[in-house]
Amino acid sequence: MNRVRHMSALGLLFIVMLFELAAFALLSLRDGKFDVWALAFALALIALLFFQYVCLLWISRYADRFLLVIANLLAAIGMIVQYRLSPETAFRQLLLYGVGMVAMFVCVGLMHKPAVFRKLNWAMIVASLALLGVLLIVGKEQGGAKNWITIAGFSFQPSEFVKVALVFIAANYLTEQSGWRDWLPSAIFAILVCGLLVMERDLGAALLVAGTYLIIFYTATGDVRTTLIGLGAGCCGAVASYYIFDHVRARVAIWKNPWATYETSGYQIAQGLMAIASGGAWGLGLTQGLPKSIPAYNTDYIFAVICEEFGLIFGIAVITLYLMFIIRGALVALYARDRYLMLVAFGCTVLITLQSFIIIGGVIKLIPLTGITMPFVSHGGSSLIASMMLLGILEGIAMRNGDMLEDAMDQAMEQDRLANLSKGEDHAE
Amino acid sequence: MAANAYSLATLVMRYVFVGIMIYILARIIYHSISEYQELHRALRWLKDGYARHIEFLPPYDTQEGGYVLVRSNLIGRSPRCDIYIDDRSVRRRHALLFEKGGEGYIRARGRAKIWINGQRPQKRTALLHEGDLVRLGQVEFHYKLKRTPWEEKA
């Protein structure tokens, strides 16, 4: 009872809802006439978020509320921008958010038995490699990368799920600490996945997988030398791919000077930069910008749209939200009692934040642009569902931490009571 | 005219959006820090046996080891209180036990009365010391700082 009280985040959630309601009220009056669908959309979203919060806390009061609120806020911003761009895709996104929510609850449930994932290790390795291998043959090319599979009318991006599997596989092998033989299979797996992703021209995912694996490796082993060797190998791989593949060279050339090829390949980055610049510190105001002039405006370049309409300060606040996500996720990892769960929690956190920084860095021309989605915000079913799965895994581990802490405290109290009893008997004698 | 009013509204609303965003961020950071402190305190309690807690006298000594206090705890008859005592002599929201600068304090709420070691405190907010006997209505409890480690007791 009341030993570690967790702060209620319901008030915070109401403010998130207020934010949505304000934005959708503005959107509903867009064309000079009242759009009922915008308000209906807002109410549906609010109901969904509230349901999610209540259900998660009903499962366990130790769920991490702030991770959930951060994800909710990011998803809400995403859906506001989607609705402003095109209501149809926004409704699809809302549906996918519902599916992602189910996936999240499934992951929360699965984290009660994390041993299952350790047993399924080989299955996950084979499935990941098979999915990426099949992709090389039957993959559909979309936006320069061959990373889509269509099964029975639904198209999805296997790389999104492979990176979730990578976290579990890496954590499984890095849990043992006796020597290099333990982690070697996971390193080989990571290299294979990277190679396959580069061959599919999915450079963003390759960079993400390599970065995530190196960070998990360093946190698990604390081995600076091997990590630096890995980093060096990664750099060598990047340089090699620069010379081998045309599309990598093209990307770097665009990054160095997008204005030289403004008419053709540099158009996207240049438009994105101009959109951010025209937004200024406070933005042009929702619905007042021209986001549709940027290619991939609702997936990769959504950050530029946010900056244009909501302003740079808001953009920085979005980046800070991702930073808070790292902090909360790292706390969940720190308090995990089990090394395997600690690595899984940290891996999930790194995956989400690294992904957001790779795409935001690409949009603001800090690093070469690689096509990748912004977690929770971008339009895209696979990405949204994978992000929600990662969130569910983190929540599941947070719940386990809380239960374990409570058990430990109960045990300590029980021991106290026994000690007191025996002391009483001594006095009686 | 309507279009002008609408664009003006969007211009005003962008400040609202930024304001809400920064407010949410500030709240998340503030709550994260306090939650971290409470968790840290719980872990320290487990490790070193140090915790501010209260121990009720009979017949309300139902919880073994007393109630460990967090940064602020509301005591009262209402089930919504952090520490809830089902006794008619206690008001629905009777008193607040809180920590400030490493010291524990108690503050009576509204017209509620409290006694510390048999005396009414001079001010509404009173400093608590180790072993103080606090009375709310008919209910009494001891304020304790240290949970004796098991090794010492055994």
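Report on the accompanying structure. (Residues numbered from 1 in each chain as written. Chains lettered and ligands numbered in written order. Predicted model: local features only at pLDDT ≥ 70, side-chain atom pairs only at ≥ 80, totals over all residues. Heavy atoms only, no water.)

Examining the pattern of salt bridges
Inspection of the entire model under this criterion finds eight salt bridges over all chains. Of the charged contacts in the structure, one is a salt bridge between Glu176 of chain A and Arg118 of chain A, with a shortest N-O distance of 3.5 Å. One end of the pair, Glu176 of chain A, is in the loop between α7 (158-174) and α8 (180-199); the other, Arg118 of chain A, is in helix α5 (residues 115-119), with 58 residues separating them in the sequence. Glu176 of chain A sits in the partly exposed class, given a relative accessible area of 42%. Given a relative accessible area of 30%, Arg118 of chain A falls into the partly exposed group. For the salt bridge of Glu55 of chain B with Lys144 of chain B, the shortest nitrogen-to-oxygen distance reads 3.1 Å. Here Glu55 of chain B is found in strand β1 (residues 50-56), whereas its partner Lys144 of chain B is found in strand β10 (residues 139-146), with 89 residues between them in sequence. The class of Glu55 of chain B is partly exposed, set by a relative accessible area of 27%. (Salt bridge = Lys/Arg side-chain N within 4 Å of Asp/Glu carboxyl O. Helix = DSSP H or I, 4+ residues; strand = E, 2+ residues; numbered from the N terminus. Buried < 20%, exposed > 50% of the residue type's maximum accessible area, 1.4 Å probe, protein only.)

With respect to unusual backbone geometry
All names here are of chain A. We note that Arg201 has phi near 70°; this positive angle belongs to a residue other than glycine. By relative accessible area, Arg201 is classed as partly exposed at 38%. Phi is positive for Thr287, close to 75°, though the residue is something other than glycine. Note that Thr287 resides in the loop between α12 (267-279) and α13 (302-310).

Observations concerning the packing of aromatic side chains
Under the defined criterion, the tally for this structure stands at 22 aromatic pairs over all chains. Site record: aromatic cluster; members linked through ring pairs are Phe24, Trp37, Phe41, Tyr83 and Phe91 of chain A. The cationic tip of Arg118 of chain A hangs over the ring face of Tyr340 of chain A; the distance from NZ or CZ to the ring centre is 4.7 Å. In this structure, Arg135 of chain B packs its charged tip against the face of Trp115 of chain B, placed 4.3 Å from the ring centre. (Phe/Tyr/Trp six-rings, centres within 6.5 Å; stacked < 30°, edge-to-face > 60°. Lys NZ or Arg CZ within 6 Å of the ring centre and 35° of its normal.)

Let's talk about the side chain of Thr212 of chain A
Residue and element names in this part refer to chain A. Structurally, the position occupied by Thr212 is in helix α9 (residues 203-221). Polar contacts involving the side chain of Thr212 include one to the main-chain carbonyl oxygen of Leu208, which spans 2.6 Å. Excluding residues within four positions of it along the chain, Thr212 makes contact with Gly347, Val350, Leu351 and Leu354. (Polar contact = N/O pair within 3.5 Å; in protein donor to acceptor, adjacent residues only side chain to side chain. Contact = heavy atoms within 4.5 Å.)

Overview of the nonpolar core
Residues Phe314 of chain A together with Phe17 of chain B are the most contacted members of the largest nonpolar core, which totals 150 residues. If we ignore the near neighbours within four places in the chain, the residues touching Phe17 of chain B are Phe19, Ala22, Ala23, Leu26, Leu286, Phe310 and Phe314 of chain A. Listed in part, the 21 residues of the second largest apolar core include Ile75, Ile85, Ile106 and Val134 of chain B. (Core = buried A, V, L, I, M, F, W, Y, C linked by side-chain atoms within 4.5 Å.)

A closer look at the sheet that holds strand β8 (residues 125-127) of chain B
Strands pair in a sheet through their backbones, by hydrogen bonds, and they do so in one of two ways: parallel or antiparallel. Spatially, β4-β3-β5-β6-β8 (chain B) is the arrangement adopted by the five strands of the open sheet, whose pairing is mixed. Single-partner strands in this sheet number two, and they are β4 (83-84) and β8 of chain B. (Pairing = 2+ DSSP bridges.)

Overview of the packing of α7 of chain A against helix α15 (residues 339-363) of chain A
All names here are of chain A. Where α7 meets α15, the axes come as close as 9 Å, and the angle between the chain directions of the two elements is 145°. The handedness of the crossing between α7 and α15 is right-handed. On α15, the residues touching Glu160, Lys163, Val164, Val167, Phe168, Ala171, Asn172 and Leu174 of α7 are Arg339, Tyr340, Leu343, Val344, Gly347, Cys348, Leu351 and Gln355. Counted by class, the contact of α7 with α15 contains 10 nonpolar, three polar and three charged residues. (Axes fitted to C-alpha atoms, helices over the stretch in contact; angles between N-to-C directions. Left-handed = near helix turned anticlockwise from the far one by under 90°. Nonpolar A, V, L, I, M, F, W, Y, C, P; charged D, E, K, R; others polar.)

A closer look at the interface of chain B and chain A
The accessible area lost on association of the parts is a frequent measure of interface size. Chain B puts 44 residues into the contact, and the matching count from chain A is 52 residues. Contact with chain A buries surface across chain B, with Tyr6, Phe17 and Met21 of chain B losing the most and accounting together for 15% of the total. Across the contact surface, chain B and chain A share one salt bridge. Its salt-bridge partner being Arg328 of chain A, residue Glu35 of chain B comes within 2.9 Å of it at the nearest N-O pair. Taken together, chain B and chain A are joined by four residue pairs in polar contact (both at pLDDT 80 or more). Breaking the side of chain B that touches chain A down by element, the ones donating at least two residues are α1 (2-48), β2 (67-68), β3 (72-76) and α2 (150-153) of chain B. No other element matches α1 of chain B, which puts 30 residues into the side of chain B that touches chain A. Looking at the side of chain B that touches chain A residue by residue, the class counts come to 26 nonpolar, 10 polar and eight charged. (Buried area = accessible area lost by both parts, 1.4 Å probe.)

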